[in-house]
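If you want the building blocks of each chain, they are given just below.
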Amino acid sequence: TLPRLFHCEIPAALTDAVEHASSRAEVLEIGVEGARREAEELLNGGAPSLHFYVMQSSKPVKRLMEKLKP
C-alpha cells in the first residue's frame, strides 16, 4: 500500500472519510482538503517550501494550489 511504500502515515479520520465517500469527486475533495490543512500547518510552522508528487493526474495538486493562494 502507499503508506508502506512511502513510509508515511495517513490519519485515521482521512482514511475513514475516503472509505465512506459516495463518489470519486467526493474522494478528490476529501484528499484536497486534507492536503490543504496539512500544507497550511507546515507552512505556518515555518516550512520554507513544499514538494508534491504527481502520480496519475495533476488535477488534485492544481486544486490544492488554488486553495492555498492568498
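Residues numbered from 1 in each chain as written. Predicted model: local features only at pLDDT ≥ 70, side-chain atom pairs only at ≥ 80, totals over all residues. Heavy atoms only, no water.

Undergrad: Help me get a handle on the overall build of the protein chain, residues and values and all.
TA: For the protein chain, the count of helices and strands is four helices and zero strands. Put simply, the protein chain runs from its N terminus to its C terminus through helices and strands in the order α-α-α-α. Dimensions of the protein chain, computed from the C-alpha atoms along their principal axes, are close to 35 × 25 × 25 Å. For the protein chain, the proportion of contacts with a sequence separation of at least 24, taken over those separated by at least 6, is 55%. (Helix = DSSP H or I, 4+ residues; strand = E, 2+ residues; numbered from the N terminus. Contact = heavy atoms within 4.5 Å.)

Undergrad: Provide a residue-level description of the pattern of salt bridges, including the pertinent values.
TA: On inspection of all chains with the given rule, the structure shows six salt bridges. Between E33 and K67 there is a salt bridge, with the nearest N and O atoms lying 3.7 Å from each other. Of the two residues, E33 is situated in helix α3 (residues 24–44) and K67 in helix α4 (residues 59–68); the sequence distance between them amounts to 34 residues. When salt bridges with common partners are traced through the structure, they connect E29, E33, R36, R37, E40, R63 and K67 into a single cluster. (Salt bridge = Lys/Arg side-chain N within 4 Å of Asp/Glu carboxyl O.)

Undergrad: Tell me about the layout of surface pockets, and please be specific about residues and values.
TA: Empty space within the largest pocket amounts to approximately 1,800 Å³. Contributing to the lining of the largest pocket are 33 residues, with L2, G31, A35, Y53 and P60 lying nearest its centre. Elements represented by at least two residues in the lining of the largest pocket include exactly α1 (2–6), α2 (12–19), α3 and α4. With twelve residues, the top contributor of residues to the lining of the largest pocket is α3. Its residues assigned to classes, the lining of the largest pocket comprises 22 nonpolar, five polar and six charged. (1 Å grid on protein atoms, 1.4 Å probe; cavity = no way out; pocket = protein on both sides within 12 Å on 5 of 7 lines; lining within 4 Å. Points joined across faces, edges and corners; volume = space filled by probe spheres on them. Nonpolar A, V, L, I, M, F, W, Y, C, P; charged D, E, K, R; others polar.)

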